Amino acid sequence: MASGPALRLNRGATVWLTGLSGAGKSTLAGTVAELVGGGTEVEVLDGDEIRRTISSDLGFSRQDRDAQGRRVGFIAELLTRHRVLTLVPVIAPYAETRDAVRERHERNGSAFLEVYVSTPLGECARRDPKGLYAKAASGEITGLTGYDDVYEQPEHPDLRLDTTELDAGPSAERIVDLLLERGVLEYVESPVLTGSEYRDR
Ligand SMILES: Nc1ncnc2c1ncn2[C@@H]1O[C@H](COP(=O)(O)OS(=O)(=O)O)[C@@H](OP(=O)(O)O)[C@H]1O
Ligand SMILES: Nc1ncnc2c1ncn2[C@@H]1O[C@H](COP(=O)(O)OP(=O)(O)O)[C@@H](O)[C@H]1O
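If you're wondering where the values come from, they're calculated on a predicted model, not measured in any experiment.

## Thoughts on the site of ligand 2
1) Next: What surrounds ligand 2 is a group of 14 residues, the closest being Gly22, Lys25, Ser26, Thr27 and Leu166.
2) Next: Between ligand 2 and Ala23, the relevant distance is 3.2 Å, taken from an oxygen atom to a main-chain nitrogen or oxygen of the residue.
3) Next: Contact distances for ligand 2 include 3.1 Å between a nitrogen atom and a backbone N or O atom of Ala168.
4) Next: When ligand 2 sits alone it has 570 Å² of accessible area, and the protein chains cover 75% of it.
5) Next: Sorting elements by how many residues they give to the shell around ligand 2 places helix H1 (residues 25-36) first, with three residues.
6) Next: Of the residues belonging to the shell around ligand 2, the class tally is five nonpolar, six polar and three charged.

## Comments concerning the packing of H1 against helix H7 (residues 168-181)
1) Next: In the contact formed by H1 and H7, the axes pass within 9 Å of each other and the chain directions differ by 65°. In terms of axis orientation, H1 runs roughly perpendicular to H7. Of the two elements, H1 crosses H7, and the hand of that crossing is right-handed. Along its contact with H1, which presents Thr27, Leu28, Thr31, Val32 and Leu35, the element H7 presents Ala168, Gly169, Ser171, Ala172, Glu173, Ile175 and Val176.

## Description of the UniProt feature "domain: APS kinase" (unreviewed entry) in the protein
1) Next: When the UniProt feature table is mapped onto this chain, "domain: APS kinase" (unreviewed entry) is found at residues 11-162.
2) Next: The span residues 11-162 is 43% helical and 15% strand by assignment, and the distance between its end C-alpha atoms comes to 27 Å.

## Things to note about the packing of aromatic side chains
A ring pair, where both rings are aromatic, is described by two values, the distance of the centres and the angle of the planes.
1) Next: Enumeration according to the criterion identifies two aromatic pairs in this entry.
2) Next: For the pair Trp16 and Phe112, a centre-to-centre distance of 6.3 Å together with 50° between the ring planes defines the contact as tilted. Of this pair, Trp16 sits in strand E2 (residues 13-18) while Phe112 sits in strand E5 (residues 112-117), placing them 96 residues apart in sequence. Residues Trp16 and Phe112 agree in their burial class; the two are buried.
3) Next: Here the aromatic rings of Tyr116 and Tyr151 are separated by 5.9 Å at their centres, their planes lie at 25°, and the arrangement is stacked. In this pair, Tyr116 is assigned in strand E5 and Tyr151 in the loop between helix H6 (132-138) and strand E6 (159-161), connecting sequence segments 35 residues apart.
4) Next: For Tyr116, a relative accessible area of 6% gives the class buried.
5) Next: One cation-aromatic arrangement involves Arg51 over Phe60; the distance from NZ or CZ to the ring centre is 3.8 Å.
6) Next: One cation-aromatic arrangement involves Arg62 over Tyr94; the distance from NZ or CZ to the ring centre is 3.9 Å.

Reading the values: the criteria
Residues numbered from 1 in each chain as written. Chains lettered and ligands numbered in written order. Predicted model: local features only at pLDDT ≥ 70, side-chain atom pairs only at ≥ 80, totals over all residues. Heavy atoms only, no water. Near = heavy atom within 4 Å. Polar contact = N/O pair within 3.5 Å; in protein donor to acceptor, adjacent residues only side chain to side chain. Areas by Shrake-Rupley, 256 points an atom, 1.4 Å probe, with all protein chains shown as cover. Helix = DSSP H or I, 4+ residues; strand = E, 2+ residues; numbered from the N terminus. Nonpolar A, V, L, I, M, F, W, Y, C, P; charged D, E, K, R; others polar. Axes fitted to C-alpha atoms, helices over the stretch in contact; angles between N-to-C directions. Parallel < 35°, antiparallel > 145°, perpendicular 65-115°, else oblique. Left-handed = near helix turned anticlockwise from the far one by under 90°. Contact = heavy atoms within 4.5 Å. UniProt positions renumbered as here; feature names shortened; annotations may be inferred. Phe/Tyr/Trp six-rings, centres within 6.5 Å; stacked < 30°, edge-to-face > 60°. Buried < 20%, exposed > 50% of the residue type's maximum accessible area, 1.4 Å probe, protein only. Lys NZ or Arg CZ within 6 Å of the ring centre and 35° of its normal.

Structure below.
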């Protein structure tokens with residue numbers, strides 16, 4: 001039987017991926033979840049999904065975006081306190097909301113890491129995965145974050161990733177490295193079956 005290192009989750013942590021629409025937040029959250037592996041307690045709280053369910057009453061006013069951030073922050077902290085690696089690809093455009101979520105985590109002894117996916121507006125608009133920038137440019141929608149609505153950049157993120165410069169795989173590895181550095185994850189030697197050992201087991 002061959003053995004190889006595997007990632008083990010030592011404690012829960014919230015990893016909040018903040019940045020503009022199209023920056024790569026959801027893609028990175030999914031890639032980190034895959035890298036960390038199936039045996040680990042990991043959840044992704046995606047802004048769009050939360051907005052279709054418990055936040056279906058919210059729009060994109062300042063008050064509603066603040067409420068969205070605080071609701072997601074509440075759930076994230078609960079999951080994290082129960083030893084889940086909680087990945088949160090949510091824009092959270094206001095420093096005040098992000099700070100309130102961080103403080104809630106600190107009050108409860110839960111780890112909170114802020115990852116600023118700092119892909120610039122021009123690149124996000126070029127990707128335009130949901131067609132939102134085209135709609136904003138044609139005047140069909142208003143209030144798109146970073147385009148004609150505010151985005152307050154994090155001043156002291158735990159990690160900053162510009163995905164123009166780095167592909168999704170290596171960017172996700174930087175997040176895993178941060179989690180290793182902070183002791184949330186660690187490498188452990190684990191037995192791994194080779195192909196023929198697996199078939200003959
Ligand atoms: N005006 C405007 N501005 C920003 N985003 C918009 C807007 N209208 C719709 N969408 C879609 O909503 C997703 C963002 O939801 P969030 O909950 O992450 O945003 S926020 O934190 O409340 O600002 C966002 O998802 P992402 O593209 O994954 O960021 C969009 O799909
Ligand atoms: N290095 C990268 N990291 C993440 N996404 C990337 C990268 N390069 C290109 N992309 C593409 O950019 C888009 C980002 O969309 P998405 O992850 O939904 O962003 P967000 O959740 O921030 O709105 C996807 O189509 C993805 O394939």
